[in-house]
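# Topology and contacts: notes
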Amino acid sequence: MKVYNFAAGPATLPAEVMKKAQDEFTCYQDSGSGIMELSHRGKYFKPVLEKAEANIKQLLNLSDEYSVIIVQGGASMQFAMIPMNLLNGGTADYVDTGVWSNKAAKEAAMFGNVNIVASSRETKYDHIPAASEWKSTPGAAYMHITSNNTVAGTQYQNLPTAPAGVPLIADMSSDIMSRCFDASKFDMIYAGAQKNLGPSGMAVVIIKKALAERTDNSKVPTMLRYSTYIENESMFNTPPTFGIYILSLVTDWIIAKGGIAGVEKVNNAKAAMLYDFLDSSSFFRSTVAKADRSRMNVVFRTPNDETDAKFVAEAKAAGLMELKGHRLVGGCRASIYNAMPVEGVQALIDFMKKFELENR
Ligand SMILES: *Cc1c(COP(=O)(O)O)cnc(C)c1O
């Protein structure tokens, strides 16, 4: 049976990438060994890391002001590393648009003052608070946003700017490389790899070198400083070599698809198909503000919790996997990242139509 995996993360990777990795798994090029068996400082791996970084710079059109680094610990480690490196006794502004922003702000509060400039928590994060209502701190150490809210299913349609002189930092874990945006407006962008970029356990961090210089080296352990990764090109210690290898293949794949503009077109089509169906249905419904709907994580419900569970179970039996909503919010969620083919979304819609007829 053909299976489509709608998991939020770890998530579906491009079929072509999985196949290439399989072909090379036990013998990378002419080395006679798999890539994960080879020295990270040897002649085979170094070009892989350089390729991954160069691909990211190319895809996001990054100037030399930025470094691309790979840090272990996923996006959650960044929640702590950001304030450890950049707060320095100041105040950090956080926009609270979901579970992940909230976690990020909580970590920052361990290191200094946190100002929640706006929050949609009261309405279960069903929308993104309008930027015109944000109460930002003059001279904040930085402003932090979450561009796509994986659990709630909302996404900034227009990415905001920070007040002049305040570095803007974005957690783009669940929508990096899915749509075109101006990266030069950000001082730092980070993403856990397991949604749109590769395997779990590592974060891709894009940071302005000047920002990384703010760290007080006497207070932050070596492995937790951005400067350590920048100075050692992500190889102060042994990096997650296999994950970086997959990252190089996934970014190659995005380039082959016409870059971010190419995948964005397909992403827009997939999201439009699914939301159009939800809007036309009197059985299924989207739970988030129309203007803020995520093109990556489509959150929806049937008329009640029992039917949600029945839908998830029957979809699974039909090869449509992992449609259960996040454990904190319930309901259903289809994550349709870059690697989800249009056919997968079509199969889901066909199944939803059938389920609706049988259960309404
Ligand atoms: C998945 C996710 C995280 C957490 O990623 P980990 O790599 O598991 O730490 C953080 N932020 C967002 C927006 C996410 O989607």
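Please refer to the structure placed before this passage.
Structure report, in brief.

Parameters and conventions
- Each residue is numbered by its place in its chain's sequence as written, counting from 1.
- Where totals are concerned, whole chains, interfaces and linings use all residues; where local detail is concerned, this predicted model gives features only for residues with pLDDT of at least 70, and gives and counts side-chain atom pairs only at 80 or more.
- Values reported for side chains reflect all heavy atoms of the structure, with hydrogen atoms and water molecules removed beforehand.
- Here a strand is any run of E in DSSP of at least two residues, a helix any run of H or I of at least four, and the numbering for each starts at the N terminus.
- Atoms counted for the radius of gyration: C-alpha only. Globule rule: 2.2 Å times residue count to the power 0.38.
- We call two residues in contact when some of their heavy atoms are within 4.5 Å.
- Two distance rules govern patches: like charges are joined within 9 Å, and nonpolar side chains (Val, Leu, Ile, Met, Phe, Trp, Tyr) within 5 Å, applied only to residues with over 30% relative accessible area and no salt bridge.
- For the accessible areas, the method is Shrake-Rupley and the probe is 1.4 Å, while residue cover comes only from the protein chains on display.
- Any carboxyl oxygen of Asp or Glu within 4 Å of a side-chain nitrogen of Lys or Arg constitutes a salt bridge here.
- Charge convention: Lys and Arg are scored as positive, Asp and Glu as negative, and His as well as the terminal groups of each chain are ignored.
- Taken as the charge centre is NZ of Lys, CZ of Arg, CG of Asp or CD of Glu, depending on the residue.
- Throughout, exposure labels follow a simple rule: accessible area from a 1.4 Å probe, protein chains only, divided by the maximum for the residue type, with under 20% read as buried, over 50% as exposed, and the rest as partly exposed.
- For two strands to pair, DSSP has to find at least two bridges joining them.
- All axes are obtained by fitting lines to C-alpha atoms, using only the stretch in contact for helices, and the reported angles, taken between N-to-C directions, cover 0 to 180 degrees.

## Structural notes on the overall build of the protein
Tallying secondary structure elements over the protein gives 10 helices and 14 strands in all. The C-alpha radius of gyration computed for the protein amounts to 21 Å, which stays within 12% of the reference 21 Å derived for 360 residues, consistent with globular compactness. Taken along the three principal axes of its C-alpha coordinates, the protein extends 65 × 55 × 30 Å. For the protein, long-range pairs separated by at least 24 residues make up 66% of all intrachain contacts whose partners lie at least 6 apart in sequence.

## Observations concerning a positive patch on the surface
A cluster of basic side chains, namely K103, K106, R121 and R327, defines a positive patch on the protein surface. For K103, the location among the structural elements is in helix α4 (residues 99-108). Taking relative accessible area as the criterion, K103 reaches 41% and is therefore assigned partly exposed.

## Here we look at the sheet that holds strand β9 (residues 188-192)
Taken in spatial order, the 7 strands make up an open sheet running β2-β10-β9-β8-β5-β3-β4, and their pairing is mixed. On the outer flanks of this sheet lie β2 (66-72) and β4 (113-119), each paired with one strand and no other. When strand polarity is set aside, the average angle formed by the axes of neighbouring strands in this sheet is 20 degrees. For strand β5 (residues 142-146) and strand β8 (residues 168-171), the ladder comprises 4 bridges, and the chain directions are parallel.

## Considerations on the environment of A54
Along the chain, A54 turns up in helix α2 (residues 45-60). The class of A54 is partly exposed, set by a relative accessible area of 42%. For the pair A54 and V68, spaced 14 residues apart in sequence, the C-alpha to C-alpha distance is 8.5 Å.

## Concerning the pairing of β2
Regular strands place side chains that alternate from one sheet face to the opposite one. Most of β2 sits out of view: 6 of its 7 residues are buried. With 7 bridges joining them, β2 and strand β10 (residues 202-208) adopt antiparallel strand pairing. The residue bridging Y66 from the neighbouring strand is K208, located in β10.

## Brief notes about unusual backbone geometry
A negative phi angle characterises most non-glycine residues, just as the trans form characterises most peptide bonds. Looking along the chain, the bond that leaves G9 and enters P10 is cis, with omega of -5 degrees. Phi is positive for Q29, which is not a glycine, with a value near 50 degrees. Position of Q29 relative to the elements: it lies in the loop between α1 (15-24) and α2. Of note, Y125 is a non-glycine position whose phi angle comes to about 55 degrees, a positive value. For Y125, the location among the structural elements is in the loop between β4 and β5. Residue classification places Y125 among the buried positions, given a relative accessible area of 10%.

By themselves these figures say nothing about function.
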